[in-house]
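What the coordinates show
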Amino acid sequence: MRIGIDVGGTNTDAVLMDGARVVSSAKTPTTANVSEGIAKAMRKVIADSGIDSAAIDGVMIGTTHFTNAVVERKRLTPTACIRLGLPATVCLPPMVDWPQDLRDLVGGESHLAHGGHEFDGREISAYQPDEVRDIAVRIRDAGLDAIAISSVFSPVNASFEEQTAEIVREAIPDANITLSSEIGRIGLLERENAAIMNSCLRGLAARTVDGFKAALDELQIRAPFYISQNDGTLMNADFAKEYPVLTFASGPTNSMRGAAFLSGLRDAIVVDVGGTTTDIGVLQHGFPRPAALAVDIGGVRTNFRMPDTYSIGLGGGSLIQSEPLKVGPQSVGYELTSKALVFGGDVLTATDMIVAGGSEVIGDVGAVSGLDADLVAATQARIMEMIAIAVDRMKTSATPVPVIVVGGGSILVTGEIEGASEIIKPEHFPVANAIGAAIAQVGGECDRIFSLAEMNRDDALNQAKAEASERAVNAGAAPESIEIVDVEEVPLAYLPGNATRIMVKAIGDLAGAPPSVSSMNGGN
Amino acid sequence: MRIIDEAVLEDLALGAAVLGTGGGGDPYIGKLMARQAIRDYGPVELYTLDELDDDDLVVPTAMMGAPTVMVEKMPNGDDIVNAFLSVGKYIGAPVKATMSIEAGGLNSVVPIYLAARLGVPMVDCDGMGRAFPELQMVTHTIHGISSTPFAMSDERGNTVLMETISNLWTETFARSVTVNMGAMAMIALYAATAAQLREAAIPGTITLAEEIGKVVRRARLEEDEPVETIRGAVGGFLIFKGKIGDVERRTEAGFAKGDAHIEGIDDYAGQRLQLSFQNEHLAARIDGEFKVTVPDLLAVLDVDTGEPITTEGLRYGFRVAIIAIPCAEKWRTSKGLELVGPGYFGYETDYVPVEERYG
């Protein structure tokens, strides 16, 4: 059995699962000391199920704790950055695009050194070990031990970053080092930003992960525990201490993965209707489709693959205007339960219109009985039209696809959605995030530029797939369970020679874990 | 004379994306470079062509190569300075100012970096009024201004100087040297006097990009008919609103080409627009018939937010408004159309100015 936990800003949710079955679930407030809330939620799901804690095989935790540390500018360790690429990149030194307050906190100490590669693997300049040794000594003398190392085109060749780490360790044996090639993809500033953030979060990560461990010990759970990453896969506790930055945006990913699991679908659109907004995302092979654009975290640009979601201003609390009819984007938000007509308030909301239409019985139905029936019908039609347009925008072809509707505001979906082959409203949605964490697998990625003038396309693709699979195995996947879930090829514009960027993602089941829950669920 | 400071730069980069007609490279790295140089060396003076003396020599600067590489191997900064100074040294006369050769996309802001660093002014004009994929596709070529002396520099300190018999030959040689330099080079070319530029360049395009940027920024905040506001600011015509269906892509001779098929919505329901692109949006056919082609500009905007959509960003399901913008008059001459007309890009149709069909 597995426990999945989602630590959000407001609530900590837990779910106990036996294979594909949800045995028990709990929702508790998130506590200042995250571990206390986790312990409380776990205690509740174990008590409700009546099982022995020895029956638990694994605990999977999704948390926004590290994202919040960056956003709130708290608990960050001063970090130095070494970038290899001279004589290139001088005009934009590390942290150049960071907000000043965050740069001041993290220290802003950066060094440029020779090295780096071209897109085709040639060296930009010869690597100079003595130069790096001098920099390492200066960092040590400045009293820093958190260090991020980046190198131009390190996703193509990481050797200079690795050599630099060795040299730094000679000067600073306990150095906390992050290599950009282990974290990000092409886009030097964004990848380097992520590496610096990772190093400055490691201190917090060690304390937090130890706190999780203590919470498990307290409940006498001996099973290993894992932390969810932004792409919906897991890392083990030691890996999480090393790469806290990989937890960014794991929340929406877990929610979509949970929706996939609850519905049993691997390819579908997920419509998450909340109080103020509706977020639409796409599941491909059971994982969220990633966004193409750069993502800001606390004002810093990174290139993590975040789920590609599209939001519209429609939710249970959306204000309704007649003449002309308008639904949202203004909303009463979390005050729905005091301001909506059915809850004794005086504001006409989308929820009131649904209740007036008779498809749901919520609060005081009498409060909306006098509403104009035509307006009610027109509002419901408008809501469905808004959802249909948003769903269509996220589709990749005109073929109808299944739509999974989740979220507290899912009562707003009252009819058919144009372009949807079916509409599914699964059970247990309130804890979909925690379920998404519980069912997660492990993965690996490859993102490189290949010259198809020198290598044929099949060889390049195979090489990329092999690298992604190897990384998945290194992250803890059982080799026999590895599956390639995503392949993307982008030819480079304005460049002869057929240079093509190939991105591949592989996933597999945790080695030693029970068989994949998603395969037990039968996929689609 | 006006001043380009950080605030102007932000708007300029935003507007340049509209003039980029789907290509020209993301201005982000260029904008960061220019911003850092403005912080380190102070703001840049922007002169109109009329404010220069006839004999003042202007040398445009730009980045050439793959924008995808530039986000990874950023320039040194000395490279663009080397290219710029090499052209001046070769000519043997003092250079008064720099300018943008391409107001659409990344190269609208790259010269600001150089101008701030060297304390030289920039001139409010460019050679395209938009973005185009090749070096010879500038109004300078129409007016017989040579790309020679052409300088291209890498971050190592290498500078390649070229004398060629035509601007097309410069493009041919420069493209392969760019690959040797790591798929990206900083270039300086098309040296000309202010008197020549009053004939040959497209005036006011830096200010135009800034104005468009202001409109886009305000539209983002106010959500008040952004597409219509942008259309007004660029003096363009709304030719279509629709939903993107199939997008076909292919790579030919180093260029990313393709077609997007867009189904009409609202007033355009029942019609079908085929948008053809090669790094930039080049031609639009409605129900099989050419309606807008190069050199007129095609801006593809998100129908709700007015955000410009690049050729790489065209995706099924996006609802877009397509705005056609009249190109500079210089492109409508027989020499201009020979360089960048529909025939050069392989479209078998005569060029008809957009305002003749939609005005």
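Computed from a predicted model, the values in this text were never measured in an experiment. (Residues numbered from 1 in each chain as written. Chains lettered and ligands numbered in written order. Predicted model: local features only at pLDDT ≥ 70, side-chain atom pairs only at ≥ 80, totals over all residues.)

1. With respect to the overall build of chain B
Basically, it comes down to this: A run of H or I in DSSP counts as a helix once it spans at least four residues, and a run of E counts as a strand once it spans at least two, with each numbered from the N terminus. What the globule rule says is 2.2 Å times the number of residues to the power 0.38, and the radius of gyration is computed from C-alpha atoms. The contact criterion used is a C-beta to C-beta distance within 7 Å, with each C-beta placed from the backbone.
A count of helices and strands for chain B gives twelve helices and 19 strands. The globule rule puts the C-alpha radius of gyration for 359 residues at 21 Å, and the 19 Å found for chain B is close to it. In terms of principal-axis extent, the alpha carbons of chain B reach across some 60 × 45 × 40 Å. Here the contacts in chain B between residues at least 6 apart in sequence split such that 74% fall between residues at least 24 apart.

2. Some remarks on the pairing of strand E1 (residues 2-7) of chain A
Residue and element names in this part refer to chain A. Heads up, the condition is: In this scheme every C-beta is placed from the backbone, and a residue whose C-beta has 20 or more other C-beta atoms within 10 Å is buried, one with 12 or fewer is exposed, and one in between is partly exposed. Two strands form a pair only when DSSP identifies at least two bridges running between them.
Burial of E1 is extensive: six of the six residues sit out of reach of the surface. Where burial is concerned, the two faces of E1 agree: the one with Arg2, Gly4 and Asp6 and the one with Ile3, Ile5 and Val7 are both buried. As defined by bridge partners, E1 adjoins strand E2 (residues 11-18) across six bridges and the pair is classed as antiparallel. Residue pairing for E2: Val7 is matched across the bridge by Thr12. Here E1 runs beside strand E4 (residues 58-63); their pairing, made up of six bridges, is parallel. What sits directly across from Gly4, in E4, is Met60.

3. A look at the sheet that holds strand E4 (residues 61-65) of chain B
Strands in a sheet are paired, the pairing made by backbone hydrogen bonds, and the direction either parallel or antiparallel. Residues and elements named next belong to chain B. In plain terms, the rule: Only C-alpha atoms enter the line fits that serve as axes; for helices the fit covers just the stretch in contact. Angles between N-to-C directions range over 0 to 180 degrees.
An order of E4-E10-E8-E9 is seen for the four strands of this open sheet, with the pairing classed as antiparallel. Here the strands that pair on one side only, and so sit at the sheet edges, are E4 and strand E9 (159-162). This sheet shows a mean twist of 25° between the axes of neighbouring strands, independent of strand direction. Inspection of the sheet shows strand E8 (residues 150-153) paired to strand E10 (residues 184-188) by three bridges, in the antiparallel sense. Bridging from a neighbouring strand, Met152 pairs with Ile187 of E10.

4. A look at the interface of chain B and chain A
Defined as follows: Gly is put with the polar residues, along with every residue not named as nonpolar or charged; the nonpolar set is Ala, Val, Leu, Ile, Met, Phe, Trp, Tyr, Cys and Pro, and the charged set is Asp, Glu, Lys and Arg.
Counting from both sides, the interface comprises 32 residues of chain B and, opposite them, 32 residues of chain A. Taken together, the residues of the side of chain B that touches chain A break down into 15 nonpolar, eleven polar and six charged.

5. Overview of unusual backbone geometry
Backbone torsion omega between A:Glu323 and A:Pro324 reads -10°, so that peptide bond is classified as cis. Here the residue pair B:Thr148 and B:Pro149 is connected by a cis peptide bond, since its omega of -5° sits within 30 degrees of zero. Note on placement: B:Pro149 falls in the loop between helix H6 (139-142) and E8. Positive phi values are uncommon outside glycine, yet A:Arg75 reaches one of about 60°. Tracing the sequence through the fold places A:Arg75 in the loop between helix H2 (65-71) and strand E5 (80-86). Positive phi, normally seen in glycine, also occurs at B:Ala183, with a value near 70°. Along the polypeptide, B:Ala183 turns up in the loop between helix H7 (167-180) and E10.

6. What about helix H2 (residues 28-41) of chain B?
Residues and elements named next belong to chain B. What counts is decided by this rule: By definition here, a helix of n residues has an expected span of 1.5 Å times n minus one.
For H2, which comprises 14 residues, the first-to-last C-alpha distance of 20 Å matches the rise-based estimate of 20 Å (1.5 Å per residue) to within 8%. Among the 14 residues in H2, ten count as buried, and that is most of the element. Taken together, the buried positions of H2 are Tyr28, Ile29, Gly30, Lys31, Leu32, Met33, Ala34, Arg35, Ala37 and Ile38. The secondary structure elements touched by the buried residues of H2 are helix H1 (6-19), strand E2 (44-47), helix H3 (67-70) and helix H5 (110-118). Immediately downstream of H2, the backbone of Gly42 shows phi near 100°, a positive value.

7. Here's the deal with the domain arrangement of chain A
The condition is simple: For every domain, the bounds stem from an assignment made automatically or drawn from a database.
When cut into domains, chain A gives domain 1 (80-201), domain 2 (311-426) and domain 3 (442-508). Computed over C-alpha atoms, the centres of domain 2 of chain A and domain 3 of chain A are 42 Å apart.

8. A word on the environment of A:Ile417
All names here are of chain A. Take Ile417: it is sitting in the loop between strand E19 (401-406) and strand E20 (420-424). With 22 C-beta atoms counted inside 10 Å, the residue Ile417 sits in the buried group. For the pair formed by Ile417 and Ala499, sequence separation is 82 residues and the distance between their alpha carbons is 42 Å. With near-sequence residues (within four places) excluded, Ile417 lies in contact with Met384, Ile387, Ala388, Val391, Val403 and Ile423.

9. Considerations on the sheet that holds strand E8 (residues 176-179) of chain A
Residues and elements named next belong to chain A. Reading across from one edge, E6-E5-E7-E8 is the order of the four strands in this open sheet, with parallel pairing throughout. Among the strands making up the open sheet, the edge pair consists of strand E6 (109-114) and E8. On average, each strand axis in the sheet is tilted by 20° relative to the strand beside it, whichever way the strands run. Looking at chain direction, E5 and strand E7 (residues 146-151) are connected through five bridges and run parallel. Residue pairing for E7: Ala80 is matched across the bridge by Ile147. Contacting E5, E6 and E7, helix H4 (residues 129-141) crosses the sheet at an angle of about 170° to E6. Together, E5, E7 and E8 form the strand contacts of helix H5 (residues 159-171), whose direction differs from that of E7 by roughly 155°.

10. Some details on the packing of H1(B) against helix H9 (residues 205-222) of chain B
All names here are of chain B. Rules: With respect to orientation, any angle under 35 degrees is reported as roughly parallel, any angle over 145 as roughly antiparallel, any angle of 65 to 115 as roughly perpendicular, and every other angle as oblique.
One way to put it is that H1 packs onto H9 with a least axis distance of 6 Å and a crossing angle of 95°. The pairing of H1 with H9 is recorded here as roughly perpendicular in orientation. Each of Val8, Asp11, Leu12, Ala13, Leu14, Gly15, Ala16, Val18 and Leu19 in H1 lies in contact with H9, whose residues at this interface are Ile206, Ala209, Glu210, Glu211, Ile212, Gly213, Lys214, Val216 and Arg217. For the contact of H1 with H9, the class distribution of residues is eleven nonpolar, two polar and five charged.

11. A short note on the domain arrangement of chain B
One frequent convention defines the size of an interface as the accessible area lost when the parts assemble. Residue and element names in this part refer to chain B. Once the domains are mapped, chain B shows domain 1 (2-205) and domain 2 (229-358). Of note, the centres of domain 1 and domain 2, computed from C-alpha atoms alone, are 26 Å apart. Listed as interface residues are 17 residues of domain 1 and, on the opposing side, 24 residues of domain 2. A total of three residues in the side of domain 1 that touches domain 2 trace back to one element, the largest contributor, which is H6.

12. Details of the pairing of strand E18 (residues 297-302) of chain B
Residues and elements named next belong to chain B. Within E18, five of the six residues are buried, which leaves the element mostly enclosed by the surrounding structure. Direction of pairing for E18 relative to strand E19 (residues 319-325): antiparallel, over a ladder of six bridges. Residue pairing across strands places Asp302 opposite Val320, the latter belonging to E19.

13. Remarks on H4(A)
Residue and element names in this part refer to chain A. The terminal C-alpha atoms of H4 lie 18 Å apart, and with 13 residues this matches the ideal 18 Å at 1.5 Å per residue to within 8%. Check the buried side of H4 and you find it contacts E5, E6, E7 and H5. Looking at the residues trailing H4, positive phi occurs at Gly143, about 80°.

14. Remarks on the packing of H4(A) against H5(A)
All names here are of chain A. Definition in use: Two helices cross in a left-handed way if the nearer one is turned anticlockwise from the farther one by less than a right angle. They cross in a right-handed way if the turn is clockwise.
Taken N-terminus to C-terminus, the directions of H4 and H5 make an angle of 45°; their axes are 9 Å apart at the nearest point. Here H5 runs oblique to H4, going by the angle between their axes. Of the two elements, H4 crosses H5, and the hand of that crossing is right-handed. Within the contact between the two elements, H4 uses Pro129, Val132, Arg133, Ala136, Val137 and Arg140 and H5 uses Thr164, Ile167, Val168 and Ala171. Per-class residue counts for the contact of H4 with H5 are seven nonpolar, one polar and two charged.

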